[in-house]
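Reading the structure
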Amino acid sequence: MRAPTRLVPTEEAFTSRLRSAAVTARIGLWLGVCFAIAFVTGLISHYAQNPDQPVPFPTSPAWGYRVTQGLHVIAGTAAVPLLLVKLWTVYPKLFARPPFGNLRRLAVEGLERASIGVLVAAAVFQLASGLANSAQWYPWAFSFRSTHYAVAWVAIGALLVHVAVKLPVIRTALAGDVDDTSQDRPGATTAGVLSRRGLLRTTWLAAGVAVLATAGSTVPLLRRVSVLGVRSGDGPGGVPVNRSAAAAGVTAAATSASYLLTVGYGDHEVTLSRADLLAMDQRTEDLPIACVEGWSAGATWTGVRLRDLLDLVAAPAGSDVRVESLQQGGHYRVTELPGNFADDDRTLLALALNGETLALDHGYPARLIAPNRPGVLQTKWVARLDVVT
Ligand SMILES: Nc1nc2c(c(=O)[nH]1)N[C@H]1C(S)=C(S)[C@@H](COP(=O)(O)O)O[C@H]1N2
Ligand SMILES: [Mo]
């Protein structure tokens, strides 16, 4: 007689031997490592973009933000295949019959399921929103940065609870052999061609391919293999362009012959044309530009030291500076440059990039470039510098 077809399967209906605690725990371990790296580097990035820093973000090493942001995106990318396979290994548990007969066990299991629900939702949200952000695709109305930051705490909190609850299972599973059959569920099949080791190897390979396909946006040596890398080297001077002058609506103002930079401190104001800027002492610095969306590029910038411009209005040492763009709207129209960045000898108002006049899309007539600073804060098409303290 045939068993009646059920609308909802039972946990036992999933018979693949590939699903085992041994596999889940091994993938979970690496997923945990990826989430830990992404969490810490994410906190660093959030802090670097915070306008009110109790302790100023350091200006050295100049490549620090480039490395932490690159690691953030690489860890998040590697986590995508790991999370998918891990969810596949455990999703039959969704169909496990809750212990209805035992109220206490029902309550404990209910709580555990709820915490896993929160973890999965937060993890999927972080990876999906992060991936969309690195592809510069914003199919939502909320602020990416504050939401990604808030949900990061939810994800890491739920992850810690999950690890604490599962610790005994994790320890046994990691200590045992992957292909140990003694803990197989009754009815588990070995049908199919893949072994557990094979599944794990395929998973590591998928994570590796995902990283190689995207990491070239940050790691120059990988540029050629990173077919999916966003913004890997297009743009004038070999440096990617994030927002073009046309998109920012600044083309007319930036190419106008009447362009003037204003430097202000209290009621003291100095205005300079691009020719005036070019007549000042020119400095050349090798500084990377590292976008929060994951790409970064090293470049050689030439221009006027920001501190030299502040000296024209006798701004005191350590002054914070408000940097304003010719752009009329947009999030990055105005940024605040903390005193330690303003006073750093390497911080320039750049007029040239890689030996050529700054391209319009890179911020012509003049753009800010400072060491160890998130790309979003490297203001292009600078119109005003105002000393604010
Ligand atoms: N005025 C202004 N400056 C800006 C932006 C902007 O949209 N407007 N984008 C920022 C971002 S997000 C990045 S990553 C860098 C990129 O500089 P690039 O396009 O010259 O590479 O510029 C920054 N400066
Ligand atoms: Mo950016």
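Keep in mind it's a predicted model, so treat the numbers as computed, not measured.

Right, let's talk about the pattern of salt bridges for a bit. Scanning the model with the defined rule gives 13 salt bridges in all. Arg307 is the partner of Asp311 in a salt bridge, and the nearest nitrogen-oxygen pair spans 3.0 Å. Here Arg307 and Asp311 lie together in helix 9 (residues 306–312), a separation of four residues that amounts to about one turn. A relative accessible area of 46% means that Asp311 is categorised as partly exposed. On the accessibility criterion, Arg307 (12% relative accessible area) is buried. Here the salt bridges do not stand alone but share partners, grouping Asp177, Asp179 and Arg197 into one network.

Here we take up empty space enclosed by the protein. In the structure shown here, the tally under the stated rule is one cavity of 30 Å³ or more. What the largest cavity holds in volume is close to 30 Å³. Looking at the largest cavity, the residues that line it are Ala62, Tyr65, Arg66, Pro288, Ala290, Asn372, Arg373 and Gln378. Grouping the amino acids of the lining of the largest cavity by side-chain chemistry returns four nonpolar, two polar and two charged.

A probe as big as a water molecule, rolled over the atoms, marks out the empty space that is left. The calculated volume of the second largest pocket comes to roughly 1,500 Å³. As for the second largest pocket, its lining consists of 50 residues, of which Thr24, Lys86, Val90, Lys93 and Lys166 are closest to the centre. For the lining of the second largest pocket, the secondary-structure elements that each account for two or more residues are helix 1 (21–48), helix 2 (64–90), helix 3 (103–134) and helix 4 (144–175).

This paragraph deals with the nonpolar core. Of all hydrophobic cores here, the largest spans 40 residues; its most connected members are Leu261, Leu272, Leu277, Leu309, Leu337 and Leu385. Those elements that place two or more of their residues in this core are helix 6 (245–248), strand 1 (261–265), strand 2 (268–272), helix 9, strand 5 (321–325), helix 10 (339–343), strand 7 (348–353) and strand 10 (382–387). Once residues within four sequence positions are removed from consideration, Leu309 is found in contact with Leu261, Val263, Leu272, Leu277, Met280, Val304, Leu349 and Leu385. By size, the runner-up hydrophobic cluster in this structure holds 27 residues, among which are Ile27, Phe35, Ala79 and Val85.

Definitions and cut-offs
The residue count restarts for each chain, going from 1 along the sequence in the order it is written. Naming scheme: in the order in which they are written, chains are lettered from A and ligands are numbered from 1. Residues qualify for local features only when their pLDDT is at least 70, as the model is predicted, and side-chain atom pairs are given and counted only at 80 or more; totals for whole chains, interfaces and linings, by contrast, use all residues. Water and hydrogen atoms were dropped before computing side-chain values, which therefore reflect all heavy atoms in the structure. Salt-bridge detection follows one rule: a side-chain nitrogen of Lys or Arg within 4 Å of a carboxyl oxygen of Asp or Glu. Where helices and strands are cited, they refer to DSSP runs of H or I of at least four residues and of E of at least two residues respectively, numbered from the N terminus. Only protein chains enter the area calculation, which uses a 1.4 Å probe; residues under 20% of their type maximum are buried, those over 50% are exposed, and those in between are partly exposed. Computed over the protein atoms alone on a 1 Å grid, cavities are sets of points where a 1.4 Å probe fits but cannot get out and pockets are open sets with protein on both sides within 12 Å along at least five of seven lines; a residue lines them when it has an atom within 4 Å of a point. Grid points are joined across faces, edges and corners, and a volume is the space filled by probe spheres set on the points. Here the nonpolar group is Ala, Val, Leu, Ile, Met, Phe, Trp, Tyr, Cys and Pro; Asp, Glu, Lys and Arg are the charged ones; every other residue, Gly included, is treated as polar. The term nonpolar core refers to a set of buried residues drawn from Ala, Val, Leu, Ile, Met, Phe, Trp, Tyr and Cys, joined through side-chain atoms within 4.5 Å. The criterion used for residue contact is that any of the two residues' heavy atoms lie within 4.5 Å.

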